[in-house]
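Residue strings, one per chain:
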Amino acid sequence: MTENVVEVQGLTRRFGSKTALDNVSLNVRRGIVFGLVGENGAGKTTFIKHLLGLFRAKSGSVRVFDLDPVLDPVETLGRIGYLSEERDLPDWMRIQELLSYTQAFFPKWDEAYARELLETFALDPRQKIKTLSRGQRAQTGLLVALAHRPDLLLLDEPSSGLDPVVRRDILGAIIRTVADEGRTVFFSSHLLEEVERVADDVGMIHAGRLVLDAPLDQIKASHHRLTLRFQTSQAAPPRLPGILFCDGSGLEWTVLCDGALDALRAAAEKLGARIVEEGTPTLEEIFVGRVKQTTLARKEA
Amino acid sequence: MQIRISPQDGVPIYLQIINQVNYLVASRRLLPGEQLPPVRKLAETLVVNPNTVARAYRELETAGILTTRRGAGVFVSETGKPSLPQRERKRILSERIDILLAEARQMGVSLGEIVELVRERDKGIEKSGTGRRSEP
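Keep in mind that this is a model prediction, so the values were computed, not measured. Residue positions are counted from 1 within each chain, in the order its sequence is given. Both sets of labels track the order of writing: A upward for chains, 1 upward for ligands. Reporting in this predicted model follows two pLDDT cut-offs: at least 70 for local features of residues, and 80 or more for side-chain atom pairs to be given and counted; totals over whole chains, interfaces and linings ignore these cut-offs and use all residues.

**Q** In this structure, what is going on with the overall build of chain B? I would like to understand it.
**A** A count of helices and strands for chain B gives 5 helices and 3 strands. When the helices and strands of chain B are read in sequence order from the N terminus, they spell out α-β-α-α-β-β-α-α. The burial criterion counts other C-beta atoms lying within 10 Å of a residue's C-beta, which is placed from the backbone; the residue is buried at 20 or more, exposed at 12 or fewer, and partly exposed between these limits. For chain B, buried positions account for 20% of its 136 residues. Relative to all contacts within chain B whose residues are 6 or more apart in sequence, the contacts with residues 24 or more apart total 52%. A run of DSSP states H or I qualifies as a helix once it reaches four residues; a run of E qualifies as a strand once it reaches two. Both are numbered from the N-terminal end. Each residue gets a C-beta atom placed from its backbone, and two residues are in contact if those atoms lie within 7 Å.

Quick look at the structure:
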């Protein structure tokens, strides 16, 4: 059996004249947390819907558990726990009814775990879904996604619009899921701080294109924030290899670069600059740098 | 064991854990032979990926700070001494000293006064067995 839970090759999707996904290839290894980051409308939800078999791949291929989710919906969906961005739950049901109803679809449903989660989230099973708060709705959706102990937990923007307490419940669920050997989590988010906390691998999607896909440690190790100090005032940003973003003026410039630190130091020296500060940028800074660079490159092209 | 993680810091989270465990051991807030929380527990407390905690523990073990006793858990090793290469030690300390010196200069504090203060603080650490007062 393959070590990848998800394998996507050259996936392209158009809605009318708009390209939602542009030649996206991405693998998710078993037992990790994969964080897909991108702005609203970047293509995250479209990508996730392909994994669920809700969209058929028009060009390219999608494999989940080495199966085609469109052709094998029972086998794939039975092993996926999914929380949608809209948290579309049946409003007319009570929580208990939703649990009984969902349970019927999953042979591996763990009733004890469901009870435990109800208690952890302080949910009342008799409450009507219509009357739930935003946070309780998310918790209920999460409970339903978790209680059959899925091999793959798929969360679409799980934290968006939630208060810190519920966001912590969601992150806790991700951590507990991946701490159980062999389980995998794939989640999309635009909260980079959360992704930085819990993700092993990170994919960055911008305007339908995957602009970066690597282990978080590797991303952090290859990106550097340098502050350069020049002897004379500089009219233009310093030209360093792998530069993503630059801020400053005159004597002092702060740059965000992707590359080996030694090479960057040498390049800075060659320009006649002294490095006054070196640091590792946050994932958010890296993301913003990447997006701006991509936008710029497209304009120039 | 009190550890704080800040993703805004930029420093990779596994390094933040390593640095803080090193600090807790050096300031004797973690004693030789003392047990650390299991990977999963610490991951849930800090709200970080368990693989990240496991990596930090692994590297601390390689560095000789921690030892794993099979079936029993993770402990501060009896020597409890960081076995960093001397150059690395010097580099880390130099960075901190530079920050200290820059601040002292700005405040008009002389080098002699700083050295005296360092001696005083060192005595404090030895006496109380704890490090700096916890930050608010």
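Having seen the model, we can carry on.
**Q** Can you help me understand the environment of A:L240 in this one?
**A** All names here are of chain A. Structurally, L240 can be placed in the loop between β10 (223-234) and β11 (243-258). On the basis of neighbour counts, which here come to 23 C-beta atoms within 10 Å, the residue L240 falls in the buried class. Along the chain, L240 and D156 lie 84 residues apart, while their C-alpha atoms are 37 Å from each other. The contacts of L240, once residues within four sequence positions are left out, are V255, C257, L264, A267 and A268.

**Q** Help me understand the interface of chain A and chain B, please; the structure alone is not making it clear to me.
**A** Accessible area lost during the coming together of the parts is what is often quoted as the interface size. Between chain A and chain B, the residue contacts involve 19 residues of the former and 14 residues of the latter. When residues of the side of chain A that touches chain B are traced back to their parent elements, those giving at least two are α6 (164-179), α7 (192-198) and α8 (216-222) of chain A. It is α6(A) that provides the largest number of residues to the side of chain A that touches chain B, a total of 6 residues. Think of it as three bins: nonpolar holds Ala, Val, Leu, Ile, Met, Phe, Trp, Tyr, Cys and Pro, charged holds Asp, Glu, Lys and Arg, and polar takes everything else, Gly as well. Of the residues contributing to the side of chain A that touches chain B, the split by class is 8 nonpolar, 4 polar and 7 charged.

**Q** Looking at this structure, how should I read the sheet that holds strand β7 (residues 184-189) of chain A?
**A** Pairing between the strands of a sheet is mediated by backbone hydrogen bonds and can be parallel or antiparallel. Residues and elements named next belong to chain A. DSSP bridges decide pairing: two strands pair if at least two such bridges lie between them. As summarised here, the arrangement of the 6 strands in space is β5-β6-β7-β3-β8-β9, forming an open sheet in which the pairing is mixed. Pairing within the sheet leaves two strands with one partner each, and these edge strands are β5 (80-83) and β9 (209-215). Geometrically, the sheet is characterised by an average inter-axis angle of 15° between neighbouring strands, direction not taken into account. Looking at chain direction, strand β3 (residues 33-37) and strand β8 (residues 201-206) are connected through 4 bridges and run parallel. Bridged to V37 within β8 is M204. Contacts from helix α1 (residues 44-51) reach β3, β6 (152-156), β7 and β8, with the element oriented near 150° to β6. Note on geometry: axes are lines fitted to C-alpha atoms, helical ones only across the stretch in contact, with angles between N-to-C directions running from 0 to 180 degrees. Of the strands in this sheet, β3, β6 and β7 are in contact with α6, which crosses β7 at around 155°.

**Q** Got a minute to help me understand the packing of helix α5 (residues 134-146) of chain A against α6(A) in this structure?
**A** All names here are of chain A. Contact pair α5 / α6: the axes reach a minimum separation of 10 Å and the direction vectors enclose 10°. Relative to α6, the element α5 lies roughly parallel. Seen from α5, the contacting residues are G135, A138, Q139, L142 and L146; seen from α6, they are V166, D169, I170 and A173. Its residues assigned to classes, the contact of α5 with α6 comprises 6 nonpolar, 2 polar and 1 charged. Reported orientations rely on four angle classes, namely roughly parallel under 35 degrees, roughly antiparallel over 145, roughly perpendicular from 65 to 115, and oblique for the rest.

**Q** Can you walk me through unusual backbone geometry in this structure?
**A** It is generally the case that most residues other than glycine have a negative phi and that most peptide bonds are trans. Residue and element names in this part refer to chain A. In this structure, F65 takes a positive phi of about 55° despite not being glycine. In this structure, F65 sits in the loop between β4 (59-64) and α2 (73-77). Here F65 falls in the buried class, since 21 other C-beta atoms lie within 10 Å of it. Even without a glycine there, the phi angle at A122 is positive, about 55°. With respect to the helices and strands, A122 occurs in the loop between α4 (111-120) and α5.

**Q** Just to check I follow, could you spell out the confidence of the model for chain B for this structure?
**A** A low pLDDT means the predicted coordinates there should not be read in detail. Residues and elements named next belong to chain B. Within a predicted model, pLDDT stands for the predictor's per-residue confidence, ranging from 0 to 100. Confidence in the prediction for chain B averages 85 pLDDT; 88% of positions are at 70 or higher. In this model residues 131-136 is a low-confidence stretch, pLDDT under 50, and it forms 4 contacts with partners more than four residues away in sequence or in other chains. For this predicted complex, the interface confidence score (ipTM) comes to 0.82, while the overall pTM stands at 0.85.

**Q** What is the right way to read the environment of B:Y14 from this model?
**A** Residue and element names in this part refer to chain B. Within the secondary structure, Y14 is located in helix α1 (residues 13-26). Here Y14 falls in the buried class, since 23 other C-beta atoms lie within 10 Å of it. A C-alpha to C-alpha distance of 8.7 Å links Y14 and Y57, two positions 43 residues apart in sequence. Excluding residues within four positions of it along the chain, Y14 makes contact with T52, R55 and A56.

**Q** Quick question: what am I supposed to make of the sheet that holds strand β1 (residues 35-36) of chain B here?
**A** All names here are of chain B. If you trace the 3 strands from one edge of the open sheet to the other, you get β1-β3-β2, paired in antiparallel fashion. Only two strands of the sheet have a single neighbouring strand rather than two, namely β1 and β2 (66-69). The pairing of β1 with strand β3 (residues 73-76) spans 2 bridges and is antiparallel. Within β3, the position partnered with L36 by the bridge is V74. Each of β2 and β3 is contacted by helix α3 (residues 50-62), which is oriented at about 105° to β2, the strand it contacts most.

**Q** Please explain the nonpolar core as it appears in this structure.
**A** Generally speaking, soluble globular proteins have nonpolar side chains that are buried together. Residue and element names in this part refer to chain A. L154 and I174 are the most contacted members of the largest nonpolar core, which has 81 residues in total. Contacts of L154, omitting those with residues within four sequence positions, involve I48, L51, L52, I80, G81, Y82 and F186. As used throughout, a nonpolar core is a set of buried Ala, Val, Leu, Ile, Met, Phe, Trp, Tyr and Cys residues joined through C-beta atoms within 7 Å of each other. Within the second largest apolar cluster, 12 residues are counted, among which are L228, L244, W253 and A268.

**Q** Looking at this model, I keep getting lost on helix α2 (residues 39-46) of chain B. Mind explaining?
**A** Because an α-helix completes one turn every 3.6 residues, residues spaced three or four positions apart along the sequence face the same direction. Listed in full, the buried residues belonging to α2(B) are B:V39, B:L42 and B:A43. Taken around the axis of α2(B), the buried residues stretch over an arc of 105°, which confines them to a single face. Of the surrounding secondary structure, the elements contacted by the buried residues of α2(B) are α6 of chain A together with α3 of chain B. When we speak of the arc, we mean the arc of directions from the helix axis to the C-beta atoms.

**Q** I'm lost on α5(A) in this one. Help?
**A** All names here are of chain A. The length a helix should cover is 1.5 Å for every residue beyond the first. The first and last C-alpha atoms of α5 sit 18 Å apart over 13 residues, in line with the 18 Å expected at 1.5 Å per residue. α5 sits mainly inside the fold: 10 of its 13 residues count as buried. Those residues of α5 that fall on the buried side of the exposure criterion are R137, A138, Q139, T140, G141, L142, L143, V144, A145 and L146.

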